[in-house]
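# Summary of structural features
Chain by chain, the residues run as shown.
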Amino acid sequence: MFKRIRSYCLFGIKAVPVSVEVDASQGLPGFTLVGLPDNAVRESRERVVSAIRSIGKVVTGFRTTVNLSPADLRKEGSALDLPLAIGLLVSTGELSISCLDKYVFVGELSLDGLLKPVRGVLSIAMSLARDGGVLVIPRGNAQEASLVEGLRFICADSLKECVEHLEAGGESGVSVAEGMKHFVDAEQNEIPDFENVVGMEGVKRALEIAAAGAHNFLLVGSPGAGKTLCARCLPGILPEMTEQEILETTRIHSCARRAGDAGEFRPVVVRPFRTPHHSASMVSLVGGGSRLAPGEASLAHNGVLFLDELPEFNRGVLEALREPMEEGSISVSRASGTVVWPARFMMGAAMNPCPCGFAMDPKHVCTCLPEAKKRYRDKISGPLLDRIDIQVSVPPVDTRMFAGNPKGESSAAIRKRVCAARNIQRERFAGTSVKSNAEMSSKNAHKFAMMSDSVERFAIAAAEKMALSARGYYRLLKVARTIADLRKSEKVNIDDISEALRYRAYR
Ligand SMILES: Nc1ncnc2c1ncn2[C@@H]1O[C@H](COP(=O)(O)OP(=O)(O)OP(=O)(O)O)[C@@H](O)[C@H]1O
Ligand SMILES: [Mg+2]
Ligand SMILES: [Zn+2]
């Protein structure tokens, strides 16, 4: 009998409808699989036949042809196991399902018939919510599927359970709204709190501004001064993710999942803080590779991409970040087409001022030769540095300040101010795709700064003196705009400009 089973395959972040056509007929027993399968798909036959045997059914002894259509799209991964199993069962008459057409199947099978979670289910669920149908998935993917409002789905732990559901004609959704809140709390608790950072008021202020306007930042200072510590505290002062942002970011993380990643896939509910190591390759940072998987820059979407020890990164790899920093997305071209990954992130970086690390330290002597210092700084290109709005030097903390283990202002308190400033920006940019001051265009940077003539004259004179580029000047205005938002002022004044200028001082 010929049967067609609906499924989806991933192409970058998009889910493309695929049908698994199975024809089982009398004749010499055999099995043919066509339609551009990759190795994982080709091997699925072995898993599927065992899994079916484990539930006491037999689908061998037929002449079976399977076609995956559309034939020109490369099918990869193990997600087609379940549709193939269902296809074999129905085409050999071992299972009968009413309204087979309304179901869409994805899932990997193990030899003993257990259903294992697969990547990209959120993308599939979003496509299906538009195309219509009932999604049948492994239970490990239920959390992410339930993020899509109005989606009808069935989840099961095993092929047996899945078959029972289908025979009963059942449909069930899983409500996980309560579970989500729990994740948010648990993950928030893992972020270090600014109250445990002693002193460093200047750095905290700079990071508050960066968080308030989603500005890129760079921390420069001696070893052990607390740069990495402060940056790690940052997610604790960023505003909560909106539902839309949770969907966008979870979708990317779901596509990045590797086969065999243990456990249930959890939606990303706290802004990502990605810290790729400085040995990271181009593919791991911006994405691509044979799986066309997203890179760290995309995994940081709606969050922070933090590059610790910035000069140690390969220069070519850093240059590749210039595109996403401007566009908010990354496109990867392949023979089969172009995949666009969203990548709108705040870029953070930390570095020492020189190879020995002590160039800015009053208590140590820098032993680096001027040549070595220059070579070290030259590892970071001017254009990249130009895109970093907030550049702060981090002086070493006076150890006497640690006496009595004093507490600073808590992250929660700082976050309140950040959120207030973000709310002002939301109103300012209502109806556009811009979300923060850092993202606004140069034209708007001038328009929204609302400077008086004297303030503008001051800003221009200062930019001239510091030899800022045109981009540098507008970025200065954007930071000043954020500083004014933090004090809830409509107009940018001289103090705002002066403070913003201080964050441009590192050259
Ligand atoms: N202001 C501070 N308050 C409390 N602890 C601090 C402070 N500064 C540094 N520390 C402690 O010192 C440790 C080292 O700091 P951190 O790793 O942030 O330094 P760094 O500036 O990143 O140094 P490097 O340049 O070597 O990477 C931290 O884990 C933290 O325990
Ligand atoms: Mg560090
Ligand atoms: Zn030095």
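Above this text is the structure in question.
Every value quoted in this text rests on a predicted model; they were computed, and no experiment measured them. (Residues numbered from 1 in each chain as written. Chains lettered and ligands numbered in written order. Predicted model: local features only at pLDDT ≥ 70, side-chain atom pairs only at ≥ 80, totals over all residues. Heavy atoms only, no water.)

## Here's the deal with unusual backbone geometry
For residues besides glycine, phi is generally negative; the peptide bonds are generally trans as well. Backbone torsion omega between serine 69 and proline 70 reads 5°, so that peptide bond is classified as cis. Assignment of secondary structure puts proline 70 in the loop between strand S4 (63–69) and helix H2 (81–91). If you check the backbone angles, alanine 214 has positive phi at about 55° while not being a glycine. Looking at where alanine 214 falls in the secondary structure, it is placed in the loop between helix H7 (201–213) and strand S10 (217–221). (Helix = DSSP H or I, 4+ residues; strand = E, 2+ residues; numbered from the N terminus.)

## A few points about the site of ligand 1
Taken together, 16 residues are adjacent to ligand 1, and Val198, Gly224, Lys227, Thr228 and Leu229 come closest. Here alanine 225 contributes a backbone N or O atom positioned 3.2 Å from an oxygen atom of ligand 1. Contact between ligand 1 and leucine 229: an oxygen atom at 2.8 Å from a main-chain N or O atom of the residue. Its residues placed into classes, the shell around ligand 1 shows 8 nonpolar, 6 polar and 2 charged. (Near = heavy atom within 4 Å. Polar contact = N/O pair within 3.5 Å; in protein donor to acceptor, adjacent residues only side chain to side chain. Nonpolar A, V, L, I, M, F, W, Y, C, P; charged D, E, K, R; others polar.)

## Regarding the sheet that holds strand S12 (residues 304–307)
The 5 strands are arranged S11-S12-S15-S10-S16 in an open sheet whose pairing can be described as parallel. Strands at the two margins of the open sheet, each flanked by one partner only, are strand S11 (273–274) and strand S16 (390–394). Pairing between S11 and S12: 2 bridges, direction parallel. Among the inter-strand pairings, phenylalanine 273 is bridged to a residue of S12, identified as valine 304. (Pairing = 2+ DSSP bridges.)

## Details of the pattern of salt bridges
For the structure shown, the criterion picks out 24 salt bridges. Of the charged contacts, one joins aspartate 389 and arginine 475 as a salt bridge, the two residues approaching to 2.7 Å between their closest N and O atoms. Residue aspartate 389 is located in the loop between helix H15 (382–386) and S16, and its partner arginine 475 is located in helix H19 (residues 470–486); the two are separated by 86 residues in the primary sequence. Given a relative accessible area of 2%, aspartate 389 falls into the buried group. Several salt bridges converge on common partners, so that one network encompasses Arg139, Asp157 and Glu161. (Salt bridge = Lys/Arg side-chain N within 4 Å of Asp/Glu carboxyl O. Buried < 20%, exposed > 50% of the residue type's maximum accessible area, 1.4 Å probe, protein only.)

## Some thoughts on the pairing of S10
Burial analysis of S10 places 5 of its 5 residues in the buried class, the great majority of the element. Neither face of S10 is exposed, since Phe217, Leu219 and Gly221 on one face and Leu218 and Val220 on the opposite face are all buried. Where S10 lies against strand S15 (residues 346–351), 4 bridges are found, and the strand directions are parallel. Within the sheet, the bridge partner assigned to valine 220 lies in S15 and is methionine 351.

## Let's talk about empty space enclosed by the protein
If a probe as big as a water molecule is rolled over the atoms, it shows which places are left empty. Scanning the entire structure with this criterion turns up 2 cavities of 30 Å³ or more. By volume, the largest cavity amounts to about 70 Å³. The wall of the largest cavity is formed by Val184, Gln188, Pro235, Leu238, Pro239, Glu240, Met241, Val269, Val270, Arg271 and Arg415. A per-class count over the lining of the largest cavity returns 7 nonpolar, 1 polar and 3 charged. (1 Å grid on protein atoms, 1.4 Å probe; cavity = no way out; pocket = protein on both sides within 12 Å on 5 of 7 lines; lining within 4 Å. Points joined across faces, edges and corners; volume = space filled by probe spheres on them.)

## Structural notes on the packing of H2 against helix H5 (residues 159–168)
Relative to each other, H2 and H5 sit at 55°, their axes nearing to 12 Å. On the basis of their axis angle, the class for H2 and H5 is oblique. As H2 packs across H5, the resulting crossing turns out to be right-handed. Across from Leu82, Ala85, Ile86 and Leu89 in H2, the residues of H5 making contact are Leu159, Cys162, Val163 and Leu166. For the contact of H2 with H5, the residue count by class is 8 nonpolar, no polar and no charged. (Axes fitted to C-alpha atoms, helices over the stretch in contact; angles between N-to-C directions. Parallel < 35°, antiparallel > 145°, perpendicular 65-115°, else oblique. Left-handed = near helix turned anticlockwise from the far one by under 90°. Contact = heavy atoms within 4.5 Å.)

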